[in-house]
Amino acid sequence: MSKIYNVGIIGGGVSGVVIALELAKYGINNILFEQEQSVVNGPPFCHLHAGGNLYPDISDEQCRLLMKQSIEMARLFPQSIDERPTFISIPKTEKYTVENIQSRLDMLVDYYKSLIQEDPKNKILGDPKDYYKIYSKTDLNTLVDLPTVKRPITADQWMTNAIKLVDYKQLKTPVILVQEYGWNLFRLAAQAQLALNKSEHCNLKTNTFVTDIKDVRTLNLEHNWEICTADAVYNVKYLVNSSGFKTGTIDESLHINSERLIEFKAAYVSKWHPIPGLIPELIFHGERGTPHGMAQLTPYCDSYYQIHGMTENITLFKNGLVQSKADMVQPEFNDGITQKLQHDWDANEIKIRTENAIEFVGKYIPSFTTATVGGPPMYGAQQISGDDPSLRVGEVRFPSKCYARSEIIKASSALTVANQIIDNIEDEGIVTKITNHIKTNALLDSINTQDIDLLAKQLAEERGYPGALSKLVIEKNKINNDIT
Ligand SMILES: Cc1cc2nc3c(=O)[nH]c(=O)nc-3n(C[C@H](O)[C@H](O)[C@H](O)COP(=O)(O)OP(=O)(O)OC[C@H]3O[C@@H](n4cnc5c(N)ncnc54)[C@H](O)[C@@H]3O)c2cc1C
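Residues numbered from 1 in each chain as written. Predicted model: local features only at pLDDT ≥ 70, side-chain atom pairs only at ≥ 80, totals over all residues. Heavy atoms only, no water.

By the naming in an unreviewed UniProt entry, the chain is FAD-dependent oxidoreductase, taken from Formosa sediminum.

What follows is about the side chain of N241. Within the element layout of this structure, N241 appears in strand β11 (residues 233-241). A polar contact is formed between the side chain of N241 and the side chain of S243, at a distance of 2.8 Å. (Helix = DSSP H or I, 4+ residues; strand = E, 2+ residues; numbered from the N terminus. Polar contact = N/O pair within 3.5 Å; in protein donor to acceptor, adjacent residues only side chain to side chain.)

Domain annotation of the chain identifies domain 1 (4-43 + 186-259 + 390-447) and domain 2 (62-182 + 260-385). Taking only C-alpha atoms, the centre of domain 1 and the centre of domain 2 are 30 Å apart. Taken together, the contacts link 46 residues of domain 1 with 32 residues of domain 2. Both sides of the domain 1 and domain 2 interface together cover about 3,300 Å² of buried area, and 54% of this is carbon and sulfur. The tally of links from domain 1 across to domain 2 stands at one salt bridge. With a shortest N-O distance of 3.1 Å, D251 and R260 are connected by a salt bridge. (Domains from an automatic or database assignment. Contact = heavy atoms within 4.5 Å. Buried area = accessible area lost by both parts, 1.4 Å probe. Salt bridge = Lys/Arg side-chain N within 4 Å of Asp/Glu carboxyl O.)

A few words now on the site of the ligand. With respect to spatial proximity, 31 residues lie near the ligand, and among them E34, P44, H47, I409 and A411 are the closest. Backbone polar atom of P43 to an oxygen atom of the ligand: 3.4 Å apart, as the coordinates give it. With respect to the ligand, the backbone of P44 contributes an N or O atom lying 2.7 Å from an oxygen atom. Burial of the ligand by the protein chains amounts to 95% of its free accessible area of 1,000 Å². Going through the elements one at a time, α1 (14-25), β12 (260-271) and β18 (378-385) are the ones with two or more residues in the shell around the ligand. Among the residues making up the shell around the ligand, the classes are represented as 13 nonpolar, 14 polar and four charged. Each of domain 1 (4-43 + 186-259 + 390-447) and domain 2 (62-182 + 260-385) gives at least three residues to the shell around the ligand. (Near = heavy atom within 4 Å. Areas by Shrake-Rupley, 256 points an atom, 1.4 Å probe, with all protein chains shown as cover. Nonpolar A, V, L, I, M, F, W, Y, C, P; charged D, E, K, R; others polar.)

Written as structure tokens, this is what we have:
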């Protein structure tokens, strides 16, 4: 008789791998299917979002959830967290007010303190009193005359380096520096893949596309689902659909009705001349989807910078957001976007969009206009459950017995989803109650930094990106960047 797995997971994005690793931690056997040759190979992520400060329009509740979930994930994957801060500003042309942002930051500081009180190990974002710092026009006028600091440590040093480049006359004051960190996808992918390969309890099947699922729950067998691939059928008791923006395809095949939006977006990789000191992530807020949407510059090592511009000719795309219909649970993109998702971008479009992005950032950082295309875009499609495109936190749903659908919108929700699924698996009687819940994951902890460095670089290069994108600008107790 063929083996029966407790859990079958479709999709090895951040959600699928975290579920598999957490199940493996408790000795719950599982099989994980990923159609690509390596895991975490779908849409990119580069911001931890610990506080949601990149989104002036979301609710306080979503900001708190993003902070809590981000801290949990940063504790699980510390080697992929880039501890450089974020500069937040509002151009004078924009509707947002610094006062609103500041009162939300005060709320977040209190919340962060309460998380540290619950567990001192939650102190991932530094001391709560340093979570953010406000800079008036007078402060900026003083800092701009100070010398650049090659490897800044204090908030003032980071701000000095930033403000020397930014045309701050265009910005409302005060501006803010906040401990919102970066998140390196290649490093997370590498650590997860190495840990899954070591695991006795997870059978990781990369290069394996799930073609069909058979529901055998009424047949009184020992298993409930049969997962079909091109050359085999796998029997599982519990099914997890973590197929990202394709979750509707599986729902459809199981005749489960659900509603979702799917959105295609891209960030651009640019290369600039070396600058004398490290800079924080730079955010210039603006109304999403308008020609003056948010501009966002993310520093990487070796003079590479990633750019988001929340306008239709940079990060967003015409018809890039589509919704399911009454008779179509899985929404469909048009041919142009589908082609891009199949890694078939027109070279000229890459050049034009990257140059648009450079020019967009150049409005606020005039010297940045000398940057050039540094690699292919980082792009992909993601799902947003329901019909509200401004939602930033999604978790999990259990639409049917022994079936879970992951609906994460931000990568930081992956651990919360894994824990909720484990609770449901216990409730469904697939496994006995776990009495000793542990926050760490020994499998992940057993992977050493050198192995992560090597595989992360290999994954970046295999996917067509500069190897430098696999390094952290700031690691705890170590600075990698060769900035001279
Ligand atoms: C441009 C852009 C920037 C973003 N930036 C951030 C950010 O800074 N921070 C953040 O937290 N989030 C960010 N996101 C969102 C983030 O990328 C997603 O939330 C996250 O990747 C979703 O993870 P997932 O595991 O649910 O889905 P995915 O990563 O999409 O994983 C699903 C996997 O399932 C596989 N799959 C699908 N169908 C099958 C099948 N039938 N058989 C086998 N395998 C299958 C796919 O190959 C894929 O690997 C960004 C998204 C985009 C598009």
